[in-house]
Amino acid sequence: MSKLTNSGIFIPSLKQPAASRPVTDIPTPERILVPLVSGDGTFCRLTARIDDTINKGGIIASSDDNSMHVYSPVSGVLAGRQAVLHPIYGNVACAVIENIREKGEDEKKESDINLSGDEVLEIAREKGIVDELDGQLLAEKLAACRNSENLILIADGSDSEPYSSSSWAVINESCPEVYRGLKLAGIAVNTNNIYLGVRLGKKAFSSLQHKYMQEIEPSVFINAGKKYPVNYKFEKDLFKSHPTVCRIGVQACLALYRAAAFGEAPSSCIVTVAGDCVANPQNVRVPFGTLVEDLLRFCGLAQNPEYVIIGDAMTGIAIQNTEIPVVPGISCLLAIKNRVQPPAHACIGCGRCARACHAGLLPYEIMRRLDNMQYERLDYLLPEECDGCGACSHVCPAGLDVTYKVLEARDAQGNIFVKWGTGDEL
Amino acid sequence: MSYKTAHAPHLRRSDRFSFMCADVLIALAPLSIFSAVYYGFRPVLLVLAGLVSAVLFETIGCLLMRRKPTVTDGSAAVTGAIIGSLVSPLSPYWLPVAGSAFAIFAVKMPMGGSGRNVFNPAAAGLSAITLCFPGFFFKYPDPGIGLPLPLSKTVNMASVPSPASQLASGGQTLYSPTMLLLGEIPGPIGGTAITILIASALFLLVRRAISPLITLPYLATCAVLASIFPRVTGGTAGSVMVELCAGYLLFCGIFLLNDPVTAPRHWLGRIAYGVLAGVLVMLTRYFGRFEEGACFAVLLVNAFATTLDRFGWYALNLRRIRNRRRS
């Protein structure tokens with residue numbers, strides 16, 4: 001029944017022309033800012049000295065217990081530290097790397113990747129690989145579902161949001177490597193049920209299967225369907241007997257393969273730069289730490305944007321200034337002038353948010369209880385199951401920020417009134 | 001350079017509440033035009049009187065409450081047009097105006113205005129004029145007279161019994177199924193044209209302005225009750241046909257029950273709401289004082305909307321909630 005009632009929404013596909021253009025490399029930037037935060041969100045101490053020359057992949061900062069590190073994404077000179085208000089990390093210290101030089105890639109020898117699950121997890125943790133789907137540390141995500149029975153692991157290259165085509169660009173460029181990374185992730189979680197999810201028309205899907213027939217079993221590819229948010233559970237009968245689905249990003253799979261085979265720490269990502277203000281929408285390979293303003297300058301601005309958004313249109317964060325670095329987990333950057341939002345109105349009770357919610361929640365009721373300060377009753381409505389996909393706000397004809405309210409309820413976890421203090425303190 | 005900030009998502013559908021109201025007004029327009037074919041321009045003026053007065057009253061209400069006028073969303077126009085569509089073509093012009101005044105000043109504005117009313121303002125306005133002026137409300141002209149009604153303030157004309165009043169008094173109905181479907185029966189301006197009502201419902205369904213999960217269970221319940229407890233001689237099918245076509249039962253299922261503000265949002269709650277509305281509408285018909293009491297039933301079922309909505313969802317998610325509370 002939930003298939004009939006809560007099956008997501010249709011959103012327009014705005015991926016062209018970026019999706020059909022080849023991936024370009026951004027020219028070496030003058031300076032980059034590397035947040036001193038490891039993949040699991042731990043703040044790290046700078047270990048390299050100021051004015052030291054550092055090589056790509058070298059450690060520049062470590063956590064207090066020395067278990068997590070921050071690696072330099074480029075070769076250059078460590079010029080100093082700078083505090084940045086980052087939309088993902090908040091106030092964070094960044095290492096400033098200047099005099100960046102392009103160093104020819106050494107021919108690296110692929111090492112044996114017959115690894116055990118523990119070894120794969122250790123590599124993923126040590127190299128700080130971050131899953132671009134949700135910004136989580138890949139090792140933690142895989143470890144969390146390691147012991148699940150009947151687990152299906154999917155490398156999600158569906159690019160379910162409207163503008164992003166970075167996953168498709170990665171699959172187009174290095175599909176066999178992504179598959180090898182996915183196999184390693186499958187070893188880490190003890191499952192043979194691994195799939196590579198894409199979102200293509202029937203013809204393009206079968207030609208993709210045919211193209212990689214030599215290296216990848218055609219049955220490994222699955223098509224995600226056309227609805228947002230992507231939900232693979234209903235795509236195949238197979239999933240009926242495999243209730244747990246774990247989705248990881250294709251860029252994370254590629255990074256896992258490179259880390260296992262070549263010992264490389266992830267140093268760059270592919271970002272889709274798009275929006276009505278971007279002169280040349282395209283997928284760009286950028287080193288981590290590249291400033292958003294450099295990325296926008298590289299793609300060109302046809303007109304001055306009103307909104308610059310890190311992430312895609314459904315879940316992205318609008319930023320106020322562009323002097324912030326690209327960090328792992330960012331796969332899309334938008335510069336938008338015309339942002340459609342119906343004028344805000346009281347909830348009219350059309351129920352479209354409930355129909356759109358793929359988690360089967362009642363977004364309007366959560367919002368109503370939050371507005372009416374009925375916090376003690378919020379718990380029953382399971383706001384913690386919201387993944388913030390934005391479908392409810394997208395369909396709201398009253399122009400309300402439903403998703404924002406539901407996320408507020410989710411993040412409060414029933415503790416909205418905890419910090420009121422006692423009568424003595426007043 | 002500083003850019004604007006806003007909450008995600010940054011891509012929205014361009015649907016507006018005003019578009020939904022415009023769809024409802026478009027669906028209501030053919031009903032008064034159809035009535036104009038039988039009775040002349042008077043029914044159109046009555047609908048316009050209701051619509052314009054409701055918009056005017058809402059503007060006054062917003063000014064009195066020092067709020068930004070919400071008339072542009074179209075909800076007041078829909079309320080007024082519905083009230084105007086359910087009065088008799090013989091009604092004086094002040095009758096829909098009085099209904100609109102009650103709907104806006106007594107039901108809609110005191111609860112906070114557009115989007116916040118618990119009860120359907122149109123149903124409340126209709127209930128008020130039904131209770132206060134039943135003599136005007138249930139006095140219907142004969143569609144077979146073939147002459148347009150005068151446009152003067154009051155019309156002195158003998159009324160003929162409507163199918164609903166024949167049902168209320170028991171016995172045989174005078175109207176054939178063809179007459180019922182084509183709307184050649186006495187009744188409210190917008191309540192008799194069954195074929196056009198069905199076309200309007202299909203239009204609104206396609207535009208997603210109404211939900212089949214309310215209308216279909218409602219009509220099914222009415223049909224089942226009409227077949228179990230027939231009030232006319234002529235068999236089950238005849239009873240169902242007359243009950244569904246008489247009065248404004250069908251109009252109520254399309255326009256009054258589907259008011260998004262007062263109806264449940266969850267699919268199970270909507271089905272339960274439709275069923276309960278059907279039962280209450282038939283009860284008011286069987287045991288009520290008036291030949292048609294659907295507006296009272298709508299008000300009653302509005303009171304249960306939030307509860308049905310909530311419990312519908314709880315019933316489906318009991319296991320999830322229990323697991324959550326255990327953890």
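So, here's what we can say about the structure. Computed from a prediction, not measured in an experiment: that's the story for all the values here.

Definitions and cut-offs
Residues numbered from 1 in each chain as written. Chains lettered and ligands numbered in written order. Predicted model: local features only at pLDDT ≥ 70, side-chain atom pairs only at ≥ 80, totals over all residues. Helix = DSSP H or I, 4+ residues; strand = E, 2+ residues; numbered from the N terminus. Contact = placed C-beta atoms within 7 Å. Pairing = 2+ DSSP bridges. Axes fitted to C-alpha atoms, helices over the stretch in contact; angles between N-to-C directions. Buried ≥ 20, exposed ≤ 12 C-beta atoms within 10 Å, placed from the backbone. Nonpolar A, V, L, I, M, F, W, Y, C, P; charged D, E, K, R; others polar. Parallel < 35°, antiparallel > 145°, perpendicular 65-115°, else oblique. Left-handed = near helix turned anticlockwise from the far one by under 90°.

Remarks on the overall build of chain A
Moving on, step 1. When helices and strands are tallied, chain A shows 11 helices and 17 strands.
Moving on, step 2. Across chain A, contacts joining residues at least 24 apart in sequence account for 70% of those joining residues at least 6 apart.

A few points about the sheet that holds strand S10 (residues 194–198) of chain A
Residues and elements named next belong to chain A.
Moving on, step 1. Pairing in this open sheet of four strands is parallel, and the strands run S11-S10-S9-S12 from one edge to the other. Edge positions in the open sheet fall to strand S11 (221–223) and strand S12 (244–249), since each of these has one partner strand only. Here the strands of the sheet are splayed against their neighbours by 35 degrees on average, with no regard to which way each runs.
Moving on, step 2. With five bridges connecting them, strand S9 (residues 151–157) and S10 associate as parallel partners.

Some remarks on unusual backbone geometry
Residues and elements named next belong to chain A.
Moving on, step 1. Omega for the peptide link from Gln16 to Pro17 comes to 5 degrees, which places this bond in the cis form.
Moving on, step 2. Of the consecutive residues Tyr228 and Pro229, the connecting peptide bond is found in the cis state with omega at -5 degrees.
Moving on, step 3. The residue Pro229 is located in the loop between S11 and S12 in this model.
Moving on, step 4. For Asn66, which is not glycine, the phi dihedral falls at a positive 60 degrees.

Examining helix H3 (residues 75–85) of chain B
Residues and elements named next belong to chain B.
Moving on, step 1. Counting buried positions along H3 yields 11 of 11 residues, so the element is predominantly enclosed.
Moving on, step 2. Every buried residue of H3 is accounted for by Ser75, Ala76, Ala77, Val78, Thr79, Gly80, Ala81, Ile82, Ile83, Gly84 and Ser85.
Moving on, step 3. In this structure, the buried residues of H3 make contact with helix H1 (17–39), helix H2 (42–64), helix H4 (94–108), helix H5 (121–132) and helix H12 (249–256).

Considering the interface of chain A and chain B
Moving on, step 1. At the interface, 44 residues of chain A touch 32 residues of chain B.
Moving on, step 2. For the side of chain A that touches chain B, the elements supplying multiple residues, two or more each, are strand S15 (307–310), strand S16 (317–319), helix H10 (391–395) and helix H11 (402–412) of chain A.
Moving on, step 3. Of the residues that constitute the side of chain A that touches chain B, the class distribution is 27 nonpolar, 14 polar and three charged.

Let's talk about the packing of helix H10 (residues 212–228) of chain B against helix H11 (residues 235–245) of chain B
All names here are of chain B.
Moving on, step 1. Running from amino to carboxyl end, H10 crosses H11 at an angle of 135 degrees, the nearest separation of the two axes being 8 Å. Here H10 is positioned oblique relative to H11, judged by the angle of their axes. The hand of the H10/H11 crossing is right-handed. Residues Leu219, Cys222, Ala223, Ala226 and Ser227 of H10 form the contact with H11, whose participating residues are Thr236, Ser239, Val240, Glu243 and Leu244.
Moving on, step 2. In the contact of H10 with H11, the residues fall into six nonpolar, three polar and one charged.

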